[in-house]
Every structure is written in structure tokens, then in C-alpha cells.
Amino acid sequence: NVCHREGTGKMNEIRDLLIGIDIGKEYTQICYYDRKAEEARSLSMKVGTSQYEAPGCICYRTEQNDYCVGLEAQYFSREKGGIMLGNIYDICQKEESIQVAGEDKEPAELLAHFLKGMLKFLGIQDIVKNTKCMCITSPELDAIQVRNYQKACGIAGFPAEKYMLMDYGESFYYYALGQKRETWNRSVAWYAFDGDKIAFRKLTINAASRPILVNLEEPVSTTLETEDEIRDVEFCRFITKTLGKELFSSVQITGEGFDQQWAQQSVKLLCHQGRKVFYGNNLFAKGACIAGKDRLEDKKLKGYRYLSDSLVTADVGMDMRVMGSPAYYPLIEGGSNWYECNAECELILDDTEELVFVVNLPDETERKRVAMALKGLPKRPNRTTRLALTLKYVSSKDCEITVKDLGFGEMYPSSGKTWKELVRWDETEERKQV
């Protein structure tokens with residue numbers, strides 16, 4: 001019936017590490033990709049046990065003037081007078097600093113210490129140098145969290161190309177499609193438990209489209225009674241309602257609140273029609289790990305596109321002269337999460353005082369042109385104004401454009417002028433000067 005998928009084992013990787021870290025609302029865990037076994041493996045948070053989850057807390061140790069995390073943080077705050085700073089997930093949802101021994105510490109600084117504490121479980125010297133990719137996953141990622149996570153990775157020494165961020169939905173996608181094909185050739189069902197609450201989501205694959213589109217539908221939720229027999233009956237009812245008569249290849253169950261002891265009839269119903277049913281709480285850390293492996297090495301899912309709410313859909317570029325010939329110069333290609341979309345280039349203005357972006361939106365046949373005026377641009381002869389252009393998304397809709405005047409050699413030094421604008425490509429009338 002329900003299988004446990006807990007891959008354990010000692011580290012046998014030393015370099016080119018692919019790491020997944022799950023920073024949950026209460027718990028955190030870490031795993032790495034075992035190249036010999038060809039699977040993601042969870043690391044135990046307590047020597048000699050199969051305890052993969054640790055509380056997501058961080059504690060400052062006054063005597064040692066350092067930080068510790070998880071079970072160690074609980075011990076030092078309880079027994080040794082350490083200062084418990086709280087849960088790292090909650091800390092990173094805010095921008096406010098936290099007082100630590102009389103000093104203000106930014107959330108990103110504390111997360112950097114937390115990440116270093118988690119990475120120690122790998123027992124690897126010079127972890128940044130030996131890491132190919134660290135992928136961090138959380139239940140959801142808003143703009144504040146993304147800024148804190150990105151800044152923390154930088155403080156911990158990870159350059160942008162060595163880390164990735166994703167929410168639980170995307171981790172679920174990578175985990176599900178990282179298994180044997182018979183477990184996802186039809187739809188995949190996901191039941192997420194949170195005590196007495198349970199949310200159901202369905203992962204569907206549109207094989208007829210190119211790229212193949214994968215969608216995780218919005219959750220349907222219910223609350224179960226605490227008494228075992230009634231709980232089992234109510235879960236059965238919810239299964240019937242959510243699965244209906246549709247064909248599912250597999251069912252994934254996550255979270256605290258599910259137990260095979262009470263789910264006697266439910267498990268039988270879930271396993272009906274030969275559906276494979278899996279239960280375990282290291283799905284998201286493993287999914288993050290599999291994402292690093294797939295994106296950087298295997299590329300098995302290159303022809304697939306996960307339809308996330310964080311996805312940037314617009315292609316943005318400019319018509320320029322490149323090496324003397326007119327050409328379209330792509331800046332941002334749609335299909336990535338907003339926090340992975342940015343672009344930089346330098347250009348020379350030719351008989352113009354504005355920049356014109358060429359935007360291709362998925363539902364529109366014609367490309368649209370969006371102009372950005374450069375008010376107060378210094379008067380210089382034609383083709384003697386060099387600009388640095390940066391595009392960076394600050395949410396799935398809002399793109400921040402920054403333009404800097406670089407001047408032109410010693411004859412025309414930079415004026416130091418900078419222009420900034422916040423643009424929504426699909427609603428350009430809502431442009432804001434920043």
C-alpha cells in the first residue's frame with residue numbers, strides 16, 4: 001500500500017554537489033544528489049536516526065559569539081542560555097531588522113548563518129567551491145522573501161549561478177516528473193496535510209502542446225474530524241470528491257496529520273485502479289535537488305513548461321545595430337520565474353533620446369513597442385552617448401528598468417544621470433517613474 005520514500009545514507013559526494021534545502025513554515029531539511037544511486041538523498045538531522053526534519057529555528061550563542069540551527073538551537077536556548085531568535089521562515093517574511101545582543105541584524109544576514117548551519121550537515125570543506133547548485137524551496141515566495149533569500153545566498157558566498165529558488169508547487173513538479181514515467185504519465189494527485197486541514201491539488205500534463213504544459217491546479221480544501229474512524233470516513237469522502245472518475249497515475253501525500261493507522265479505508269480507496277501511493281515529508285527538498293540536476297545536467301524536462309504563477313510570459317528585446325547590421329537583440333525570454341529574469345547590456349544611442357523595447361506577449365499576434373523617454377539626457381554629437389541598461393523583475397508582472405549614462409571616453413565624461421522606470425509590459429499605461 002502506501003510506500004515510504006526515505007532515501008538515506010552517508011555523503012559520498014565531495015564536489016559538484018547538487019543540494020536541496022526545504023525552508024518550511026515550521027521545519028527545515030536538506031538533501032543532496034547521490035550520483036552513484038542516481039537519486040536525491042535526505043540527510044538525518046540527528047546522528048544515527050532517520051529524523052530528516054529539524055525545527056527551522058536559529059539561536060545566537062553569546063559565549064561563542066556564533067549561531068546554531070535546528071535541534072542544536074533548541075538545546076542551546078533551553079540549556080545553555082542561548083538567545084532564540086525565532087523561526088527563519090517567519091524572519092524572512094519581513095524586512096525589519098532583529099536585535100541580536102544589542103546589534104541590528106537584517107533577515108538576510110540571519111538566513112545566511114542559517115544556511116551555513118544547515119550546510120554543515122554535509123560535512124564538506126569549502127562548501128561553496130564544491131557546490132554546483134543549491135536549490136532552496138519554500139511553501140511560497142513573495143517579493144520580500146525572494147530579496148532576503150537572494151541576499152542571504154550572496155552573503156553566504158554563493159554567486160547567482162550557484163543557487164536557485166522555487167516554491168513548493170515547482171518542487172512538486174520536479175519531484176513528480178523526476179520519478180519513473182508510469183507514476184506521472186496521467187495526472188498526479190497531491191494531498192497536503194496540515195493537522196486536521198487537508199488540501200488537494202492536481203498536476204495535469206497537456207502532452208498535445210509544444211512545449212508540453214504542466215499545470216498544478218488550485219487547491220481544494222477541507223477539515224477532518226480528529227476521531228480516527230470518522231476521520232477515515234471523511235477522508236474517503238474527500239478522496240471520492242477530488243479524484244472522481246479521472247485516471248491518476250499516482251498519489252502523493254505530504255505533511256503532518258496523515259497516518260496509515262487511522263487511514264485504513266482511505267488507503268484502500270487511494271490504491272484503487274492500481275494507483276501508486278506515496279507518503280513522506282522530504283518531497284520538497286528532494287524536488288529542489290532534482291530541479292538542480294535536471295536544469296544543469298540532465299535537461300530531461302527541457303520540452304516541458306511548468307505553469308507557475310511566478311512565470312514571466314513576455315519576451316522582451318530591442319531592435320539594434322549589432323556588428324553594423326540591424327538585428328533584434330533579445331533581453332528577456334518568457335518561461336522563467338520572475339526572480340530568475342534579469343538582463344544587462346551596454347548600447348550607444350543613434351539619433352534618438354529614448355529607448356524602444358519590443359515586447360512579444362503570448363496571447364497577441366503582433367509585437368508591441370514600448371518607449372522609455374530619457375529626460376534630461378546630455379546634448380552630445382550623435383553616437384557619443386553610451387548607456388548601461390539593466391532589466392530586473394521585482395514581481396511576476398513588474399519589471400524595473402534602470403538606465404545609466406556612461407558618457408563616451410574622455411571627451412564626453414558621464415553625467416552620472418540614472419533613469420528608472422517600473423513597467424508592466426501588458427499594461428504599459430501603468431508605467432511608473434521610480
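Residues numbered from 1 in each chain as written. Predicted model: local features only at pLDDT ≥ 70, side-chain atom pairs only at ≥ 80, totals over all residues. Heavy atoms only, no water.

Visitor: Tell me what's going on with the state of the cysteines, and back it up with residues and numbers.
Guide: Taken as a whole and assessed by the stated rule, the structure comprises zero disulfides. There is no disulfide at C236, and the cysteine sulfur nearest it, in C271, is 11 Å away. Residue classification places C236 among the buried residues on the basis of a relative accessible area of 15%. Unpaired in this structure, C289 has its nearest cysteine sulfur neighbour in C31, at a distance of 4.0 Å. C289 sits in the buried class, given a relative accessible area of 0%. (Disulfide = S-S within 2.5 Å. Buried < 20%, exposed > 50% of the residue type's maximum accessible area, 1.4 Å probe, protein only.)

Visitor: Which residues make up the environment of L18, and what values go with them?
Guide: Examined against the element boundaries, L18 turns out to sit in strand 2 (residues 17–23). Taking the C-alpha atoms as reference, L18 lies 9.2 Å from A291; in sequence the two are 273 residues apart. When sequence neighbours within four positions are dropped, the list of residues in contact with L18 reads C31, Y32, Y33, R35, K132, C133, C289, G292, K293, L296 and E297. (Helix = DSSP H or I, 4+ residues; strand = E, 2+ residues; numbered from the N terminus. Contact = heavy atoms within 4.5 Å.)

Visitor: Quick rundown of the pairing of strand 6 (residues 57–61)? Include the residues and the values.
Guide: Two faces belong to every sheet, and in a regular strand the side chains alternate between them. Of all five residues in strand 6, five are buried; the element is thus mostly enclosed. Burial of the side chains of strand 6 extends over both faces: C57, C59 and R61 are buried on one face and I58 and Y60 on the other. In the sheet, strand 6 pairs with strand 8 (residues 83–87) via four bridges, with the strands oriented antiparallel. Along strand 8, the bridge assignment pairs C57 with N87. Taken together, the four bridges between strand 6 and strand 7 (residues 66–69) define a ladder with antiparallel strand orientation. Bridging from a neighbouring strand, Y60 pairs with Y67 of strand 7. Linkage of strand 6 to strand 7, two consecutive antiparallel strands, is achieved through a turn of four residues, within which N65 is found at a positive phi near 55°. (Pairing = 2+ DSSP bridges.)

Visitor: Hey, could you go over the pattern of salt bridges for me, with residue numbers and the actual values?
Guide: Under the defined criterion, the tally for this structure stands at 25 salt bridges. For E140, the salt bridge goes to K25, with nearest N and O atoms at 4.0 Å. A residue pair is termed long-range when its members are at least 10 positions apart, and E140 in the loop between strand 11 (131–138) and helix 5 (143–155) and K25 in the loop between strand 2 and strand 3 (27–34) qualify at 115 residues. You can call E140 partly exposed: its relative accessible area is 36%. In this structure, D196 and R231 form a salt bridge, with 2.8 Å as the shortest nitrogen-oxygen distance. Note that D196 is positioned in the loop between strand 13 (187–194) and strand 14 (197–206) and R231 in helix 7 (residues 228–243), a separation of 35 residues in sequence. In the salt-bridge network here, residues are joined through shared partners; they are R35, K132, K293, E297 and D298. (Salt bridge = Lys/Arg side-chain N within 4 Å of Asp/Glu carboxyl O.)

Visitor: Could you give an account of helix 3 (residues 107–119), with specific residues and numbers?
Guide: The end-to-end C-alpha distance of helix 3, which contains 13 residues, comes to 18 Å, matching closely the 18 Å that a straight helix rising 1.5 Å per residue would cover. P107, A108, L110, L111, A112, F114, L115, G117, M118 and L119 are the residues of helix 3 that are buried. (Expected span 1.5 Å × (residues − 1).)

Visitor: Quick one: what's the story with the sheet that holds strand 21 (residues 325–332), residue by residue and with numbers?
Guide: Each strand in a sheet pairs with another by means of backbone hydrogen bonds, the pair being arranged parallel or else antiparallel. With respect to topology, four strands assemble into an open sheet ordered 21-20-23-24, the strand pairing being antiparallel. Of all strands in the sheet, those bounded by a partner on one side alone are strand 21 and strand 24 (368–373). Across the sheet, the axes of successive neighbouring strands diverge by a mean angle of 35°, strand direction being ignored. Here strand 20 (residues 315–322) runs beside strand 23 (residues 354–360); their pairing, made up of three bridges, is antiparallel. In the strand pairing of strand 23, D315 is matched with N360. (Axes fitted to C-alpha atoms, helices over the stretch in contact; angles between N-to-C directions.)

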